[in-house]
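# Summary of structural features
For reference, the chains in residue letters:
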Amino acid sequence: MLLAMDVLSLARFQFAMTTVFHFFFVPFSIGMGLVTAIMETMYVRKKNETYKKMAKFWGKIFLLSFAVGVVTGIIQEFQFGMNWSNYSRFMGDIFGVPLAIEALLAFFMESTFIGLWMFTWDRFKPAVHAIFIWMTWLGTTLSAIWILSANAFMQHPTGFAINQATGRVKLVDFGAVITNPQLWVEFPHVIFGAFTTAGFAVAGMAAWRLLKKDQVDFYKKSLRVGLIVGTIASACAIGFGDLQTQFIIKDQPMKFAATEGIYKDTSDPAPWTLVELINTKDHTTTGNIEVPYLLSLLSYHKMNGAVKGMETANKELQAKYGKDRDYYVPVKTLFWSFRVMAGGGVLLFLLGVLGLWFSRKKKDTLLNQRWLLYILGFALWLPFIINTAGWFITELGRYPWVVYGLYSIADAVSPTTTAGQLLFTNICYFLIFTLLGGVMIYYSHRVLKKGPEGDLNTDYGINSDPFAKEAFAK
Amino acid sequence: MSWLQILWFFLLFVLFSGFFVLEGFDFGVGMSTKLLARNSDEEDQLVATIGPHWDGNEVWLITAGGAMFASYPMWYASLFSGFYIMFFLVLFGLIVRGVSFEFAAHAETKRGRNIWRWALACGSLIPPFILGMIFTAIIQPLPITKAGDVYPTLGNQINLLTIVGGVAVTLMMLMHGLNFIRLKTTGDLRKRARDWNSKLYYLLYAGEIVFAVLLFFMTDFFKERPISTLLILVVIVGSTVAAHVGVLKDNEVLSFVGSALGLVGVVGVIFNGLFPRVMIGQDAAMSILVKDASASPLTLTIMTIVAVILLPIALAYFIWSYVVFHKRIQAKGAVSE
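Residues numbered from 1 in each chain as written. Chains lettered and ligands numbered in written order. Predicted model: local features only at pLDDT ≥ 70, side-chain atom pairs only at ≥ 80, totals over all residues.

## Some words on the overall build of chain A
For chain A, the helix and strand inventory stands at 16 helices and six strands. Compactness check: chain A gives a C-alpha radius of gyration of 24 Å against a globular reference of 23 Å for 474 residues, within 12% of the reference. Principal-axis analysis of the C-alpha atoms gives chain A an extent of 65 × 50 × 50 Å. Across the 474 residues that make up chain A, the buried fraction comes to 51%. Considering only contacts in chain A between residues 6 or more positions apart, those separated by 24 or more positions represent 77%. (Helix = DSSP H or I, 4+ residues; strand = E, 2+ residues; numbered from the N terminus. Rg over C-alpha atoms; globule rule 2.2 N^0.38 Å. Buried ≥ 20, exposed ≤ 12 C-beta atoms within 10 Å, placed from the backbone. Contact = placed C-beta atoms within 7 Å.)

If you want it as structure tokens, here you go:
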């Protein structure tokens, strides 16, 4: 029994680790594809060589991220079979179709066109060449729809029946699977989050160079493109996040109550808690800092309305799925993740607006606002943290289910997999990821340092061997 | 057993064959960077032959895996969880290999670059070897429970047949890669690839004979499907001979087609012998069967529609990208022809 529990926690840890790491690169790549495509299109339209340089330059970082995204993505596909074989048996009828479409439609597209884009800069007319990066980007974006349709099913199953003989889900209405309401609030939220990630990452990287007064024209143009993409996208991500909230209040009240740290039903109108200390044992909260009316406003877009607490939600879930257990989710993680995600998102949006204001064409004083460049520079890491926090809410908030209301995480794990195997692979993945992440950041940093004129692999003289002692000295 | 189930069993054979043929040569080229190339310029020349293609080729594996999950979830679940460490090793190879292309381009020292080229070579060696082992392990009887869980012992995973299978698949992919190099390069590398293959083919003949003998003794293929198994083995040997003739007569296209067909044959003999099972139980009653392992008819129908629409489109631009990059890669500093 103890061993069985270990397998489950190790498998869950592995899923969290591999998914979080993979999802550093996925949204970044999707967004970088867009940013690069926009830059190249501007080159096609304006015939300004700077934009071509920009597309090539930021394209290098896009390709680095893409490479790490691809290899960590294969882990995900294999992992369902390796660690979660019972889940694969249970979900196969539903999950398989989106996954197969994702491969046939999206993966072929992105992998083929990225090859064409990388190696044909001087062989095709600029307009044709720009189509290649747009197709690559389209491939990455389409892939998000299909994988999220599987995730949406796990959050809110639709279009299925339970096969009485096997107890597994059976597809009855594919249309219902892809018109799942959860999907169409989740996908836009995720995809705009991806654009936000790349927009602010580009702006942040450019800000560091601008602080050094390096290639001012080049990096300022880059920063503007990044900020425009990032600001618009963050506004949209916030908007769709709000829509998703409206959906979750009704669909998964436990998840919502946990993100707000509410155990008892609130008063009407409901105040919003900025911060509080949560005692998960006694179901009490202390040190609350509250803003009156705001939770009603956020939840229902009205100045009144009470919000269901976790205790009520738990009772409802017990009535529906059995009294043999509690249905509380990891409250503290959800509560704080939500604050990081929502707070960070709003902060990014405001930063974007500020940056665009100070770099406006009429009166461009951005270089004098060194404080803002510093903040933008540090904020380049923020979207990655926000994305992770968002997935913590979505995935942990589904506890104890792997497929909501149908199949529990504990049932999903592979019966054949041993704790030893999982421990071994967990350690290996951790080491591999540390190496990949480190090298990726190091090479991106080198790309930035060398600037737009820097070429790959032309100068063997500089020592930037990632394993050399000198590499760690500076 | 419905015709949809048979169709998707066949399509899985097609997808895995596509993977063996396409990523087969780029695994072979990857191994060659540390076997055939004598300096970093030659390594670059080799990598350039697969640079625009390797990612697309790998999608065949991802698609095959996804399609297996979709069409045969019970097979996918039993196979991947049962051969846990082996699949992890495949992943390990694919990861270090996949990043090596980009990372090598960014490395600024000879040493850093060399590390990533070694990552490419090793990452190209491990997956064929392990996949060869997995595919030859599942054609032997395995301990399977009633729930369909596979508990292979070490002996089920490492035995004479799986080692020969691993070596054979690796060797075939290496030689397929060398044939690809003959097609895609000029100069010394092209010549050396031919020299290598002119010797390696004798080794492959020996390997194929051993493989056929082991197949006879260690699997039930000759009992269950003697004629088709024998026929496919003849195809494998025949295409090997054809490829060999292509080496001797300097017909590069013939060699490449021959080695490609040989790899299809290997996947073919496995799928053919497995049918109508997907996993063979030591207790025959525990074997996982095509008729039980598949997804529902509706899922298979939708996937068929999807494949009919999307596969031709994907293939069209996939092939087009090979047309775009049809030129031979010259050695650095070579005068253009």
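## Brief notes about the overall build of chain B
Counting secondary structure elements, chain B contains 14 helices and two strands. Here the C-alpha radius of gyration of chain B, 20 Å, is about what a compact globule of 337 residues would show, namely 20 Å. When the backbone C-alpha atoms are referred to their principal axes, chain B occupies close to 65 × 40 × 35 Å. Here chain B, with 337 residues, has 58% of them falling under the buried criterion. When contacts within chain B are restricted to residue pairs at least 6 apart in sequence, long-range pairs at least 24 apart make up 78% of them.

## Points about the interface of chain A and chain B
Contacts between the two partners involve 63 residues from chain A, matched on the other side by 64 residues from chain B. Taken together, the elements giving at least two residues each to the side of chain A that touches chain B come down to α2 (49-83), α3 (85-119), β2 (169-171) and α15 (419-450) of chain A. The biggest single contributor to the side of chain A that touches chain B is α3 of chain A, with 24 residues. Taken together, the residues of the side of chain A that touches chain B break down into 38 nonpolar, 17 polar and eight charged. (Nonpolar A, V, L, I, M, F, W, Y, C, P; charged D, E, K, R; others polar.)

## A closer look at the domain arrangement of chain A
All names here are of chain A. Assigned domains of chain A: these are domain 1 (2-251 + 330-347 + 374-473) and domain 2 (253-327). Computed from C-alpha atoms alone, the centre-to-centre distance between domain 1 and domain 2 is 31 Å. Listed per partner, the contact involves 12 residues of domain 1 and 12 residues of domain 2. Going through the elements one at a time, α7 (216-251) and α11 (331-358) are the ones with two or more residues in the side of domain 1 that touches domain 2. In terms of residue count, α11 provides more of the side of domain 1 that touches domain 2 than any other element does, five residues in total. (Domains from an automatic or database assignment.)

## Some details on the pairing of strand β4 (residues 284-291) of chain A
Residue and element names in this part refer to chain A. Burial analysis of β4 places just zero of its eight residues in the buried class, which makes it a mostly uncovered element. Summarising the sheet, strand β3 (residues 272-279) and β4 pair through six bridges and their orientation is antiparallel. Bridge pairing in β4 links Val275 to Ile289. Where β3 hands over to β4, the hairpin turn is made up of four residues, of which His283 adopts a positive phi near 60 degrees. (Pairing = 2+ DSSP bridges.)

## Here's the deal with the UniProt feature "transmembrane region" (unreviewed entry) in chain B
Per the UniProt entry, the sites bearing "transmembrane region" (unreviewed entry) are residues 6-25, 83-103, 115-138, 158-181, 202-221, 227-247, 254-275 and 295-320 of chain B in this numbering. End C-alpha atoms of residues 254-275 of chain B are separated by 31 Å, and the span's content is 95% helix alongside 0% strand. (UniProt positions renumbered as here; feature names shortened; annotations may be inferred.)

## A closer look at unusual backbone geometry
For the bond running from Asp268 of chain A to Pro269 of chain A, omega is 0 degrees, close enough to zero to count as cis. Here Pro269 of chain A shows up in the loop between α8 (253-259) and β3. The peptide bond linking Phe275 of chain B to Pro276 of chain B adopts the cis configuration, its omega dihedral lying at 0 degrees. Positionally, Pro276 of chain B belongs in the loop between α12 (252-274) and β1 (277-279). Backbone geometry at His283 of chain A places phi at a positive 60 degrees, although glycine is not the residue there. Tracing the chain through its elements places His283 of chain A in the loop between β3 and β4. The class for His283 of chain A is partly exposed, based on 15 C-beta atoms found within 10 Å. You will see that His301 of chain A, though not glycine, has its phi angle at about 60 degrees, which is positive.

## So, the nonpolar core
By size, the foremost hydrophobic cluster in this structure holds 263 residues, and its most contacted members are Val35, Trp58 and Ala198 of chain A together with Trp75, Phe87 and Met279 of chain B. A per-element tally of this core places α3 of chain A first, with 21 residues. Leaving out residues up to four positions away in the same chain, Phe87 of chain B has contacts with Phe78 and Met82 of chain A together with Phe80 of chain B. (Core = buried A, V, L, I, M, F, W, Y, C linked by C-beta atoms within 7 Å.)

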